[in-house]
Amino acid sequence: MELAHMEVHLCHHLEQLGTAPCRRLRPFLPDRKLPQEQEFMVVGASEPRLYLRQWNSGARLSQEFSFSTRLDCRLLEYRNLTYLQILQPFSLQGQASVTRSPQSSVLDGSMFVEPVLLTVSQYGIHTLDTALQSWQQNGRVEAEELLYSHYVICNDTHETLRFGQVDTDENVLLASLHSHQYSWRSHKSAQLLHICIEGWGNWRWSEPFSVDNAGTLLRTIQYKGRTASLVIKVTQLNGVQKQITICGRQLMCSYLSQDIELRVVQHYVGADGQTVVREHCDCLEARAMLPSYVLEDAEMTELCVRARGDDDWSQDLRLDRGEGERAGAGGGGAGSSSVVQVPCSSGSLLYVWCTLITIEPHSPLQQRVVVFSPLFVMRSHLPDPVIIHMEKRSLGLKESQVIQGQGHQEPLLNTEADLTHHLTFQAREEEDASHYAVPISTGLIKQIVNKAGGTEKPQRVLEDFYGATSTAETPWPYISKDTERSVLEPVAQWDSPMQVKLSCWKGGLNTLLVELLPWALLANHSRWDLWLFEGETIVLQIPAGKVIVPPNFQQAFQVGIYWAHTNTVHKSRALKLVHEQTSPRWKEDSGSEMLTLDEEGCVEADIPLGALPGGQKVCQFCVSSVVRQGIQVLQVEDRTILLNNTSHTIHYRPLLAHRALAATDQALDLPDSAGFTLPPTVGGGPATPCSVPCWDQLLNGPQGEVVSPLPLKHILFSLDPRALSAGAGAPWSLPALIRADFPRKSVSVPGETFAGGGGLISRALVLTYQEHLGVTYLSLNEDPCPPMLIHNKCPIPLLLKENLKDASRAEVFCRPIPASGSLHHELYQQYSSFPDCRQREALPALLLKTTPEHGATTWTDPVDINCPGTQVVFLPGFGCLYIDVVYEKGSIELTLAPEGSADCLLSHHTRAGDLQLSFHVLVSEASVALSDDITSPSGSVELLRLTLTKLLVELSPPPPQGQDQQASPGSDSRALAPDGVLLVGLHCAGLQVDNQLYNRASFHFPVLLCQEQRSEAEAGGPWSAEANPATAAPEALEEFKRSCFLELGALLAADCCTLEQVSFQLQPARVYLEDTFVYYIKTLFHSYIPDSAVAPSSAGPQRTSTSTEAAPLVPEQVVHSLQALVRPVRLRRLVIRPINLLVSVHASLKLYIASDHTPLSFSVFERGPVCTTARQLVHALAMHYAAGALFRAGWVVGSLDILGSPASLVRSIGNGVSDFFRLPYEGLTRGPGAFVSGVHRGTTSFVKHISKGTLTSITNLATSLSRNMDRLSLDEEHFTRQEEWRRQLPESLGDGLRQGLSRLGISLLGAIAGIVDQPMQNFQRSWDLPSSAGSTARGVISGVGKGIVGVFTKPIGGAAELVSQTGYGILHGAGLWQLPKQLYLPADDNSTLAPNSHLKYVWKLLQSLGRPEVHMALAVTLVSGSGQQHAGCLLLTSDVLFVVSLSEDTQQQAFPITEVECRQELGEPGQLILSLQQQTVSSDTEGDGVRERLSEQQYQRLVDYVTRASNYLSPSGVSLQLQPPVTLAQPPPSPTKSYRYLVEPASAAVFTSKFTAVKNKALRVGFH
């Protein structure tokens, strides 16, 4: 099968995606002008060929297919709506064959790929990120609208605006308070915007402006004597997208809790010299802002306010510009404020602050913000609402208001200005109010602001009305699990019950904030109702989930629980609060049982329940304290929280033991204890946290010895529904120890026999331990990879014991194994060593015996499970026992079978594999370029390029054990590999990372990473489809693998998903690092991070409420680290072979320090088996290689150029001496001729190394001295010039002398001229910039100092440069020194040459047709009548065929689809002929008139109509006699005009067929 071309188009369908306004763009609403279908990616396959064949020979069936094609990938970029060629076209071909037989099946395949060039840039990442978010958002219409375009233009004015790209036909209408996602109309024209006001008429465009740089700019529009100033603010939304907000000079915003109406009076002089007065009346909603007014300060003369729905306006507000400027001097300080009396319909007056803030005063960008805010804002931090009595003593009035608590802010109503109000507080109506009154007035705000010295900028006020609403403050009661607080707040007071705090509400406003602060808050977040004791007195009761204000403690307090079994309230130990300053009311207590609690800290409190020995229960709590908002917040929580992340109902029994639970060689037998239930997780949502109510305390163990001075926590689990039934005898798991040094444990939880489990009676669950701020979080998850599975095929139950050599840190229980059943198990060594990355350790041996009721109780001989295979041991009381050990998918399968069932174990090892897979991919070259799209608007700039040469990816079964194990990585420990495993190998002949900015900037190294010597595998020219190791002899592929620069091997389990082993090997390499380049890349790094990667996680701490109590709070850190514990990194073996590097480092930010070719050697890194977290593994790798670098610190210091590189000199001399003796000795063993040759080569190498080492040392010392002298000269121009010249390395000794002497002369000349030039430059700089006489004088004196310094430093640097250039000339001329070269020179990617996308044609070029459907866009070459050719495109829509010129990016012609014919030229399929039938006229008089010309089709319809209508007429006889016979006139032949286009033949045929189908549909021909 062969096709000419095949394409896959990926599109967005916006009608299926979110439509809610984006919170980041608040308060702007989207204008919904984006096309509903957006094509964002095109994957093309050119000339795909597929060949299939099948044959059989007896019982063997063979199938083979081969394929070849040429692939490419284009991606839409939303800035210009053009295509990015992220994947350059490349050819691939391959073949695969399948051979099936009754015994096995063999799948063998290979593929060859030509050089693959991939480009990664910010625009491409943004498009792929939005595509990923769109696919995740599919079908969720309630979600937020995604931002696709690079620009979002927002209209923050009360006018309707029209904007577009200059020099194009674009104009976009944007209503007030709406946003528009914008992309440039054309990438061929200047990318500047211009704007006009729609309501003014005549489209007076502003001056063009650029929106590529963040900042603020001003554009004015003149019309009929009026001037409109538009302030344009460009802000960065992320690394790629920007928000352009267009607003006027006058802004109105309100912090009031009720709506008000504004009347703005505008005066301006019209074109005829008459004064025009206009009024603008708008409703300013509560806590919102109006779109800004496009008015100058002088035009806005009056401003009145009234309550919404009332008739009376307030007095005119003072908008004196001078006052605002004086108040805002110094960069926009607090503006002038006045109290406004707003009349209400009830006859009362509403008093509000009106604050005038000037932004950017005394500048063209000046704006005026009018802020309405209440006089007083009340905020209560109490748990319950409080009644505030407000007494106006001068008027004899008293009013009351209920203020909600829990940190809510509410304005005080019915307050007046210039009047003192006395506030008293009352908790409940039945209680008395406070005895002390707090006086407040509007005059207090000045004292508070002056005392605080307000540092907050008033412009921050506008941030409350733009963008997403900030939720940075923790909600009441201000308890969070955040441990990253850097500032600790002091406690406001601890010896008084309440405090009233007066402060400024917001910076720049005169609103007074009145806060009611309790001394402390006490939150009960446990599942118990608590009692609070002070001494022996019961203070109060705290229900579960409630927050109260505790009384001021004068002595230690206790927490108690009422237990119904004893009808008693049991108490904890006494807790004492400790402050930095001891309260005088706090009584000293010398009790030793007292716990101390700091202001920021936590303690553990235990409450024993019951007094019976052996039957006691213990409730464990964590009491923590934090200081928030000046309040000490005390919190009581259950100390242990359980999360069931499985879909099963789990029963558990918590135990608290002081002694050992069982003997070391006996089965566990525990007394009955209380059990509880964990509900399952439903619907894949987050698990509901459940706290452990209490622990059963076991005081007496079977042996009586003390295991631990502190009680140990154990939990037993069961999945059996009868687990909590009395006398049911349901099975329980072995006790799981709850301790911090065992963060992960796989627990075998028994239950009913699971379906399809082959007698499996347990389920492996992962129990994780995490502790955060004193609270322990235990989670249960399904174990994705159980460590051990035991199958007992014996008819009797057995007992399994681990034979530990060293003393264990915890009690290890014997595992009972039921008869003819299977269960999971985890060895002590496996869970006790997690997450350490240790060297390989052998697993302990296992011991088995029968249970006492089945005979003898003697243990078997130790069973070694470190090697797979079958072993035979004698089980006393039973007989021979066959034990089979298999390693599969990271687990150990242990099968115990009696003597009669041993045949199944033997057949398990002798069976052949069902499928043998072998596949390899050869890539001639793979190159990935990292490009920067945002720095230069004209095009993309390459930064880095990673190139892999001659790449082999192989998938094959591992070779037999007898072969050379070093042939491929991952072949070690081959005996452990079970059947069905696969070896994945990656081999690379060459790897290089290039600095693509080397030719554009003053960087020192063109290459960052490369191999030290060119490998044998890289030699021999590039690969081709005909010449590669796969087509050569079989040993050529193995030879290529052995000589590769980089090898990466991985062993996959039979499921092809589980990694078993990983091996990595790297030949000696060179690394070049430069700090200036690293810092430059770091500045651009954030622009490559997509929005979805930095979006806030929805998995943060949430408190979900149940029907009875509040669920505990799970910290975000616990949720994030849980997956790392549940799914650890599991490998049977990890090996990184020794690595040798030659490192060159240049640090030149402050002082030039260089170290060239420093040798670093790192030993082998080998771990296995590995079961750890990714973070711990990275830490182990970092420590291993950091230690290796520290051991070579002496070589690093000795290689510094500033010291002359003595280490490099010693190394070169050592290599020369070694070759001087080694080469003759090697030749002596091969004969006299070889000995003479060895003496010659040894002497040559000795001289070469000595010369190279000496010259390199002197040259590096001179270069380092010269560069540091250039920096010390303090002459930036001289330093830049010298760095540019140093990049021109000399090629010979003559070149070096010439360049060195010229630079010495220029340095001497610069030293003399600098005495005059430096002061003149500073004086000129001061003259250009406005500055005082003092600063000008200081600049001249500084220039004189620089000139004097240059007199000494520049000649020294020039002399050192002479030595340096001469040395480089000798080294280059002799071929002793050469920097590696770039493999690819950076390509200049000009954005004006990018091809247009399908979306651009629909959105930008055809917008006048109302978004028509584009059936096909065909790239053509336009051929004019004179034979000139131009690039173009044919756009086929339902009604019109458009011709677009790509060079001008404009529409040239438009043809009605029904009046043109489209066909391919006969004999020339690459030519497309478009024929247009032109209309004709009957005479010149008709042609000159205004009569509409009819087409041929319309003419035929008219003739048909006249003929049919004449049948209904009844003419008279006279007329019939006088009228001559009527004959139909034939229309004159219509002239035809043809247009010729050059296209690809295959595309022309597709276009012709589509054109015919569209035309037939327009003519209603056929079925449509």
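Reading the values: the criteria
- Residues numbered from 1 in each chain as written.
- Predicted model: local features only at pLDDT ≥ 70, side-chain atom pairs only at ≥ 80, totals over all residues.
- Heavy atoms only, no water.
- Helix = DSSP H or I, 4+ residues; strand = E, 2+ residues; numbered from the N terminus.
- Buried < 20%, exposed > 50% of the residue type's maximum accessible area, 1.4 Å probe, protein only.
- Contact = heavy atoms within 4.5 Å.
- Pairing = 2+ DSSP bridges.
- Axes fitted to C-alpha atoms, helices over the stretch in contact; angles between N-to-C directions.
- Parallel < 35°, antiparallel > 145°, perpendicular 65-115°, else oblique.
- Left-handed = near helix turned anticlockwise from the far one by under 90°.
- Nonpolar A, V, L, I, M, F, W, Y, C, P; charged D, E, K, R; others polar.
- Core = buried A, V, L, I, M, F, W, Y, C linked by side-chain atoms within 4.5 Å.
- Salt bridge = Lys/Arg side-chain N within 4 Å of Asp/Glu carboxyl O.
- Phe/Tyr/Trp six-rings, centres within 6.5 Å; stacked < 30°, edge-to-face > 60°.
- Lys NZ or Arg CZ within 6 Å of the ring centre and 35° of its normal.
- pLDDT = per-residue confidence, 0-100.
- Disulfide = S-S within 2.5 Å.
- Lys, Arg positive; Asp, Glu negative; His and termini not counted.
- Polar contact = N/O pair within 3.5 Å; in protein donor to acceptor, adjacent residues only side chain to side chain.

1. Here's the deal with the overall build of the protein
Helices and strands together make up the secondary structure of the protein, namely 21 helices and 80 strands. The buried share among the 1568 residues of the protein stands at 48%. Restricting the contact set of the protein to residue pairs at least 6 apart, pairs at least 24 apart contribute 65%.

2. Description of the sheet that holds strand 50 (residues 762-772)
With mixed pairing, five strands are arranged side by side in an open sheet as 45-42-51-50-49. Because the sheet does not close on itself, it has two edges, and the strands there are strand 45 (690-691) and strand 49 (744-750). Where strand 42 (residues 640-644) and strand 45 come together, two bridges link them in antiparallel fashion. Residue pairing for strand 45: L642 is matched across the bridge by C690. Contacts from helix 9 (residues 1116-1126) reach strand 49, strand 50 and strand 51 (775-782) within the one sheet, and its direction differs from that of strand 50 by about 140 degrees.

3. Here's the deal with the packing of helix 13 (residues 1232-1272) against helix 14 (residues 1276-1286)
Running from amino to carboxyl end, helix 13 crosses helix 14 at an angle of 155 degrees, the nearest separation of the two axes being 8 Å. On the basis of the axis angle, helix 13 is roughly antiparallel to helix 14. When the axes of helix 13 and helix 14 are compared, the crossing they make is left-handed. Contact with helix 13, carried on its side by S1266, R1267, D1270 and R1271, involves H1278, F1279, Q1282, E1283 and R1286 of helix 14 and no other residues of that element. Across the contact of helix 13 with helix 14, the residue classes tally to one nonpolar, three polar and five charged.

4. Brief notes about the side chain of Q241
Residue placement: Q241 occurs in the loop between strand 14 (226-236) and strand 15 (242-247). For Q241, the residues in contact, after removing those within four places along its chain, are R24, H126, L147, Y148, S149, H150, Q236 and D1091.

5. Comments concerning the nonpolar core
Counting residues in each nonpolar core, the largest one holds 63 residues, and the members touching the most others are V113, Y148, V923, F1077, L1134, I1139 and L1141. Leaving out residues up to four positions away in the same chain, V113 has contacts with F90, S91, L92, V921, L922, V923 and S924. F557, Y652, L678 and I715 belong to the second-largest nonpolar core, a separate cluster that totals 49 residues.

6. A look at the pattern of salt bridges
Note on pairing: side chains with opposite charge can pair once their charged atoms come close. Enumeration according to the criterion identifies 37 salt bridges in this entry. In this structure, the salt-bridge partner of R49 is E47, at a minimum N-O distance of 3.6 Å. Among the residues examined, E47 registers a relative accessible area of 40% and is labelled partly exposed. Of the charged contacts in the structure, one is a salt bridge between R368 and D297, with a shortest N-O distance of 3.8 Å. Residue R368 is located in strand 22 (residues 367-374), and its partner D297 is located in the loop between strand 18 (275-284) and strand 19 (300-307); the two are separated by 71 residues in the primary sequence. Across the pair, exposure class does not vary: R368 and D297 are buried alike. Within the structure, one salt-bridge network assembled from shared partners comprises D169, R185, K1400 and D1449.

7. Details of the pairing of strand 75 (residues 1429-1437)
Note that strand 74 (residues 1414-1423) and strand 75 share nine bridges and pair antiparallel. Residue pairing across strands places A1417 opposite L1435, the latter belonging to strand 75. Once strand 74 ends, the chain turns through five residues before running back antiparallel as strand 75, passing G1427 with a positive phi of about 95 degrees. Two elements, strand 75 and strand 76 (residues 1440-1445), share five bridges in a ladder whose sense is antiparallel. Note on strand 76: the bridge partner recorded for G1432 is S1445. Remark: two residues form the turn of the hairpin made by strand 75 and strand 76, two consecutive strands paired antiparallel.

8. Some points on the packing of aromatic side chains
Under the definition given, this model contains 18 aromatic pairs. Consider the rings of F742 and Y831, whose centres lie 5.5 Å apart with planes at 85 degrees: the pair is edge-to-face. In this pair, F742 is assigned in the loop between strand 48 (736-738) and strand 49 and Y831 in helix 4 (residues 828-832), connecting sequence segments 89 residues apart. As far as burial versus exposure is concerned, F742 and Y831 are alike and both buried. The interplanar angle of 85 degrees and the centroid separation of 5.5 Å between the aromatic rings of Y828 and Y831 together place this pair among those described as edge-to-face. Linking Y828 with Y831, this pair stays in helix 4, spanning three residues, or about one helical turn. In textbook terms, an aromatic cluster arises when at least three aromatic residues are bridged by ring pairs, as seen for Y151, F163, Y182 and W184. Directly above the ring of Y1384 sits R945, whose terminal nitrogen or CZ lies 5.1 Å from the centroid.

9. Observations regarding the confidence of the model for the protein
Summing up the model confidence of the protein, the mean pLDDT is 81 and the portion of residues at 70 or higher is 84%. Mean pLDDT values for the elements of the protein range from 39 in helix 2 (residues 321-327) up to 96 in strand 8 (residues 151-155). Low pLDDT, under 50, characterises residues 321-334; the stretch is placed with 28 contacts to residues that sit more than four places away or in other chains. Residue range residues 701-708 is modelled with pLDDT below 50. Its contacts to residues more than four positions away, or to other chains, number 17 contacts.

10. Considering the pairing of strand 68 (residues 1133-1136)
Judged by which residues are buried, strand 68 turns out to be covered on both faces: R1133 and V1135 on one side and L1134 and I1136 on the other are all buried. The pairing of strand 65 (residues 1059-1066) with strand 68 spans four bridges and is parallel. By the bridge assignment, F1064 is partnered in strand 68 with I1136. Of the strand pairs in this sheet, strand 68 and strand 71 (residues 1165-1167) are connected by three bridges, and their pairing is antiparallel. Across the sheet, L1134 pairs through a bridge with R1167, a residue of strand 71.

11. Considering the sheet that holds strand 25 (residues 397-403)
Sheet strands associate in pairs through backbone hydrogen bonding, adopting either a parallel or an antiparallel arrangement. Read across the sheet, four strands follow the order 25-24-27-28 without closing on themselves; strand pairing throughout is antiparallel. Every interior strand has two partners, whereas the edge strands, strand 25 and strand 28 (438-440), have only one. On average, each strand axis in the sheet is tilted by 30 degrees relative to the strand beside it, whichever way the strands run.

12. Let's talk about the state of the cysteines
Applying the stated criterion to the full structure yields zero disulfides. Left without a disulfide partner, C304 is nearest to the cysteine sulfur of C281, which lies 9.1 Å away. With a relative accessible area of 0%, C304 lands in the buried category.

13. Topic: the environment of D836
Relative to the elements of secondary structure, D836 occurs in the loop between helix 4 and strand 56 (845-850). You can call D836 partly exposed: its relative accessible area is 36%. Distance from D836 to A1180, taken between C-alpha atoms, is 8.7 Å for residues 344 residues apart in sequence. When neighbours within four sequence positions are excluded, D836 is seen to be in contact with C1171 and Q1176.

14. Some details on the side chain of K242
Inspection of the secondary structure assignment puts K242 in strand 15. Buried charge without a partner: K242 forms no salt bridge, and the closest opposite charge is D212, 5.2 Å away. A distance of 3.5 Å separates a polar atom in the side chain of K242 from the backbone oxygen of D212. When sequence neighbours within four positions are dropped, the list of residues in contact with K242 reads H150, Y151, V152, V211, D212, N213, V234, T235, Q236 and L237.

15. Quick notes on unusual backbone geometry
R26 connects to P27 through a cis peptide bond whose omega is 10 degrees. Structurally, P27 is set in the loop between strand 1 (5-13) and strand 2 (29-30). The linkage connecting F834 with the following residue, P835, adopts the cis geometry, with an omega of 0 degrees. The phi dihedral of L773 falls on the positive side, at around 50 degrees, and the residue is not glycine. Along the chain, L773 falls in the loop between strand 50 and strand 51. Of note, the phi angle at H1157 is positive, near 55 degrees, even though the residue is not glycine. As for its placement among the helices and strands, H1157 is situated in strand 70 (residues 1153-1162).

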